[in-house]
Amino acid sequence: MNVNGKPQRTIWLARDGWGVEIIDQTLLPHVFATVRLETAEETARAIKDMLVRGAPLIGATAAYGMSLAMRHDPSDGNLDRAHAMLLETRPTAINLRWALDGMRALLAPLPASGRAAAAYGRAAAICDEDVAINRAIGENGKAIIDTLWRERSRPKSLNILTHCNAGWLATVDWGTALAPIYAAHDSGIPVHVWVDETRPRNQGASLTAWELGQHGIPHTVIVDNAGGHLMQHGMVDMCIVGTDRTTARGDVCNKIGTYLKALAAHDNGVPFYVGLPSPTIDWTVNDGVREIPIEQRDGGEVSRIAGRTASGEVAAVTLVPEGCAVANHAFDVTPARLVTGLITERGVCAASAEGLRSLFPERR
């Protein structure tokens, strides 16, 4: 994707061939800045503090964190320590465990002398695979958008609602939920995106709106509670969201507020799709509501908000009364019955155990 007209991934190796560079997403949309990571500890902080976020990018970053750990100390003890430290940074996104378990399985049988090179090679491959997966999700989802556009007798624009950020900033490139939108726009289909602000961290208002603007896609930011109203008045043609973990039977865990959008879409007959890269499927879990751990983050994310003042300074302000109790559940689960379809790199399927296994028969 592009930043100021130049191709850009969200994570890459520095010119010296071992340092890892990322975009500091906590500064967007007001400042575009990059950060260099040199240790597994710095990588863990970048994930935990959400300099990087989005399930696919978290997994890719963790893989490079293991690479940095092996460069500094390739011993068995450090391999296990780095795995445990990185794993505990974010409990909900399954890509984190998928990447870390894969890295440990690759590295553990190798002699210490070969672990760093193997780790860097696998981390780079994870990044390239993520780009390919998301590009395929884009093409598969574009077919749905094209069909809707034609069924609507080719309106002036097709209105798509999305929640949180599941664009290229949440992945290595292209995105999951936004990949079909990018593909449709690039093919000439006129799309307009309703962007939920996505409290409390405002990933929609700050990240989705920023990257859509960079790509030249028309969009409008709305408050989180406006989606149902827009659907009631026929102003939403479809919803597409991402997922941090999907169960083997099609339940979807995504940013808090997704469930409410799915309910509104179901009540108003609006198609509700999920962009789903296969590493985000947790084949060991069936009941998302009862089995997926929901991250509870610092209440300060709810009680305070940052923005640019009239003077141009970026400042944080407090929203709630002093001493007020604050809860910050970061995710919710949308049951499969509310999902119209799952858009994967292998195609589109029903949100069900049989639907997923029809695309991934090796899981039978």
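Let me begin by describing the structure that accompanies this report. (Residues numbered from 1 in each chain as written. Predicted model: local features only at pLDDT ≥ 70, side-chain atom pairs only at ≥ 80, totals over all residues. Heavy atoms only, no water.)

Observations concerning the overall build of the protein
Alright, step 1. Tallying secondary structure elements over the protein gives 12 helices and 18 strands in all.
Alright, step 2. For the protein, whose C-alpha radius of gyration is 20 Å, the value lies close to the compact-globule estimate of 21 Å for 364 residues.
Alright, step 3. Expressed as lengths along the three principal axes of its C-alpha atoms, the size of the protein is roughly 60 × 55 × 45 Å.
Alright, step 4. In the protein, which comprises 364 residues, the share counted as buried stands at 55%.
Alright, step 5. Carbon together with sulfur atoms contributes 51% to the accessible area of the protein, which is approximately 14800 Å² in total. (Helix = DSSP H or I, 4+ residues; strand = E, 2+ residues; numbered from the N terminus. Rg over C-alpha atoms; globule rule 2.2 N^0.38 Å. Buried < 20%, exposed > 50% of the residue type's maximum accessible area, 1.4 Å probe, protein only. Areas by Shrake-Rupley, 256 points an atom, 1.4 Å probe, with all protein chains shown as cover.)

As for the nonpolar core
Alright, step 1. Counting residues in each nonpolar core, the largest one holds 74 residues, and the members touching the most others are I145 and I181.
Alright, step 2. Of all the elements, helix α5 (residues 112–151) adds the most residues to this core, at 13 residues.
Alright, step 3. Excluding residues that lie within four positions of it along the chain, I145 makes contacts with L158, I160, P180, I181, A184, I189, V191, M238 and I240.
Alright, step 4. By size, the runner-up hydrophobic cluster in this structure holds 27 residues, among which are W194, A226, V241 and V274. (Core = buried A, V, L, I, M, F, W, Y, C linked by side-chain atoms within 4.5 Å. Contact = heavy atoms within 4.5 Å.)

Details of the environment of H185
Alright, step 1. With respect to the secondary-structure elements, H185 resides in helix α6 (residues 179–186).
Alright, step 2. Expressed as a C-alpha distance, the spacing of H185 and T258, which sit 73 residues apart in the sequence, is 24 Å.
Alright, step 3. Ignoring anything within four residues of it in the chain, the contact list for H185 reads V191, H215, G216 and I217.

Observations regarding the sheet that holds strand β13 (residues 281–282)
Alright, step 1. The 4 strands lie next to each other as β13-β10-β11-β16, forming an open sheet whose pairing is mixed. With partners counted over all chains shown, the strands left at the sheet margins are β13 and β16 (331–334), one partner each.
Alright, step 2. Pairing of strand β10 (residues 245–247) with strand β11 (residues 252–255), which is carried by 2 bridges, proceeds in the antiparallel orientation. Across the sheet, the residue bridging to T246 is V252, located in β11. (Pairing = 2+ DSSP bridges.)

Comments concerning helix α2 (residues 55–72)
Alright, step 1. If you check α2, its first and last C-alpha atoms are 26 Å apart, about what 18 residues at 1.5 Å a residue would give, namely 26 Å.
Alright, step 2. Across the 18 residues that make up α2, a large majority, 16, are buried. (Expected span 1.5 Å × (residues − 1).)

Notes on the packing of aromatic side chains
The relative placement of two aromatic rings is captured by the distance of their centres and the angle of their planes.
Alright, step 1. Counting across every chain of the model gives 4 aromatic pairs.
Alright, step 2. For the pair Y64 and Y120, a centre-to-centre distance of 6.4 Å together with 55 degrees between the ring planes defines the contact as tilted. Here Y64, found in helix α2, pairs with Y120, found in helix α5; they are 56 residues apart in sequence, far enough to count as distant. For the pair formed by Y64 and Y120, the shared burial category is buried.
Alright, step 3. Measuring from ring centre to ring centre gives 6.3 Å for W168 and W210, while their planes differ by 40 degrees; the resulting arrangement is tilted. Taken as a pair, W168 in the loop between β6 (158–162) and α6 and W210 in helix α7 (residues 203–215) lie far apart in primary sequence, 42 residues in all.
Alright, step 4. Relative accessible area serves as the criterion here: at 1%, W168 is assigned to the buried category.
Alright, step 5. By the ring-pair criterion, three or more aromatic residues cluster together here, those being F32, W168 and W210. (Phe/Tyr/Trp six-rings, centres within 6.5 Å; stacked < 30°, edge-to-face > 60°.)

As for the sheet that holds strand β7 (residues 191–196)
Alright, step 1. In space, the 7 strands of this open sheet follow the order β8-β7-β6-β9-β12-β17-β18, with mixed pairing throughout. At either margin of the open sheet sits one strand with a lone partner, and together these are β8 (219–222) and β18 (347–349). Each strand of the sheet is rotated relative to its neighbour by a mean of 25 degrees, with strand direction disregarded.
Alright, step 2. Packed onto the sheet, α7 meets β6, β7 and β8 and runs at close to 160 degrees relative to β7. (Axes fitted to C-alpha atoms, helices over the stretch in contact; angles between N-to-C directions.)

Quick look at the side chain of R297
Alright, step 1. With respect to the helices, strands and loops of the structure, R297 is situated in the loop between α10 (288–291) and α11 (300–303).
Alright, step 2. For R297, the side chain forms a polar contact with the side chain of E301, separated by 2.9 Å.
Alright, step 3. R297 has contacts with K48, M50, R90, R201, N328 and A330, leaving out every residue within four places of it along the chain. (Polar contact = N/O pair within 3.5 Å; in protein donor to acceptor, adjacent residues only side chain to side chain.)

Quick look at the pairing of β8
Alright, step 1. Examined bridge by bridge, β7 and β8 share 4 bridges and lie parallel to one another. For D196, the partnering residue across the bridge sits in β8 and is I222.

Brief notes about the packing of α6 against α7
Alright, step 1. Closest axis-to-axis distance for the α6/α7 pair is 12 Å, and the angle between their directions is 20 degrees. When the axes of α6 and α7 are compared, the pair comes out roughly parallel. Viewed along their axes, α6 and α7 form a crossing whose handedness is right-handed. Of the residues in α7, those touching α6 at Y182, H185 and D186 are E211, L212 and H215. (Parallel < 35°, antiparallel > 145°, perpendicular 65-115°, else oblique. Left-handed = near helix turned anticlockwise from the far one by under 90°.)

Brief notes about the packing of helix α1 (residues 40–48) against α2
Alright, step 1. Taken N-terminus to C-terminus, the directions of α1 and α2 make an angle of 165 degrees; their axes are 8 Å apart at the nearest point. The orientation of α1 relative to α2 falls into the category roughly antiparallel. Seen from above, α1 lies across α2 with left-handed handedness. Two secondary-structure elements touch here, α1 through A40, T43 and I47 and α2 through I58, T61, A62, G65, L68 and A69.

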